[in-house]
Amino acid sequence: IQDPSVYVTFALRDPAALGLPAGAAFLVWTTTPWTLPYNVGVALHPDFEYVAALDKDGRALILARSLLTEVLGEGAEVLKSFRGTELERVAYEPPYTEAYEAEGEGKPVWMSGLDTYVSDSDGTGIVHTAPAFGEDDMRLARNYGLPVIVGVDAEGKHRFGPWKGVFFRDANTDIVRDLRGRGVMWKEKN
Ligand code: VAL
């Protein structure tokens, strides 16, 4: 079984602080939509160049410059460029808060961190981070003090949300639909 791959947008809390217009967002690619309810950060490469460029709807999206044409197409207007190091600890609106609230983590600050494991061979150069589901994710959480939530139980079933009790990957379809409803789904590839 193949996981669907999706591009989602995480809106910046304070785009003006980076000189960006309202609605500016990190563009994030993942092949594991079922882990998005446990997102708590995004990873960027410190040495990559990132741009904020306008998509077809005129929304400013941040992604690695090397992936700009592939993802946004030819001729996307670039508003600004940044070095990865300029995009550290940038707070964004999380896709989901439920699991973190239920675990008594309160409202952690969902934010970006830097790590050299981030690649630009596919995706957007911005990696969705869910610490319990990857070694690299866990390292980012440790380095930035992000909370860790193990969102699935020993049987591989979700512990939170409307898909509580559903086998992890079987929730992909529901979660993708839910992401559309939340207005954070940018593109689905299958
Ligand atoms: N970082 C991975 C991903 O983007 C997982 C482990 C959350 O799919």
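As the structure is a computational prediction, the values presented were derived from the model and not from experiment.

**Student:** Go over the layout of surface pockets, please, and point to the residues and values.
**Tutor:** Of the voids in this model, the largest pocket is the one considered here, and its volume is about 340 Å³. Of all the secondary-structure elements, those providing two or more residues to the lining of the largest pocket are strand 2 (25-30) and strand 8 (126-129). Among the elements that make up the lining of the largest pocket, the one with the highest residue count is strand 8 (three residues). Class assignment of the residues belonging to the lining of the largest pocket gives a composition of seven nonpolar, 10 polar and two charged.

**Student:** Account for the environment of Leu54, with residues named and values stated.
**Tutor:** Structurally, Leu54 can be placed in strand 4 (residues 49-54). Sequence separation between Leu54 and Glu77 is 23 residues, and the spatial gap between their C-alpha atoms is 5.5 Å. Ignoring anything within four residues of it in the chain, the contact list for Leu54 reads Arg59, Ala60, Leu72, Ala76, Glu77 and Leu79.

**Student:** Got a sec to walk through the site of the ligand? Specific residues and values, please.
**Tutor:** The immediate surroundings of the ligand are formed by Thr30, Thr32, Thr35, Val127, His128, Ala130, Phe133 and Asp137. Here an oxygen atom of the ligand and a side-chain polar atom of Thr30 are 2.9 Å apart. Between an oxygen atom of the ligand and a side-chain N or O atom of Thr32, the distance comes to 2.7 Å. Summarising the interface, the protein chains cover 83% of the accessible area of the ligand, which totals 260 Å² for the free molecule. Put simply, the ligand lies in the largest pocket. Residues that form the shell around the ligand fall into these classes: three nonpolar, four polar and one charged.

**Student:** Report on the environment of Leu72, specifying residues and quantitative values.
**Tutor:** Summarising the element assignment, Leu72 is placed in helix 1 (residues 68-72). For Leu72, a relative accessible area of 11% translates into the label buried. Put simply, Leu72 and Asp55 are 17 residues apart on the chain and 6.2 Å apart in space, counted from C-alpha to C-alpha. For Leu72, the contacting residues outside a window of four places in its chain are Ala53, Leu54, Asp55, Leu61, Leu63 and Trp186.

Procedures and definitions
Residues numbered from 1 in each chain as written. Predicted model: local features only at pLDDT ≥ 70, side-chain atom pairs only at ≥ 80, totals over all residues. Heavy atoms only, no water. 1 Å grid on protein atoms, 1.4 Å probe; cavity = no way out; pocket = protein on both sides within 12 Å on 5 of 7 lines; lining within 4 Å. Points joined across faces, edges and corners; volume = space filled by probe spheres on them. Helix = DSSP H or I, 4+ residues; strand = E, 2+ residues; numbered from the N terminus. Nonpolar A, V, L, I, M, F, W, Y, C, P; charged D, E, K, R; others polar. Contact = heavy atoms within 4.5 Å. Near = heavy atom within 4 Å. Polar contact = N/O pair within 3.5 Å; in protein donor to acceptor, adjacent residues only side chain to side chain. Areas by Shrake-Rupley, 256 points an atom, 1.4 Å probe, with all protein chains shown as cover. Sits in = over half its atoms within 2 Å of the grid points. Buried < 20%, exposed > 50% of the residue type's maximum accessible area, 1.4 Å probe, protein only.

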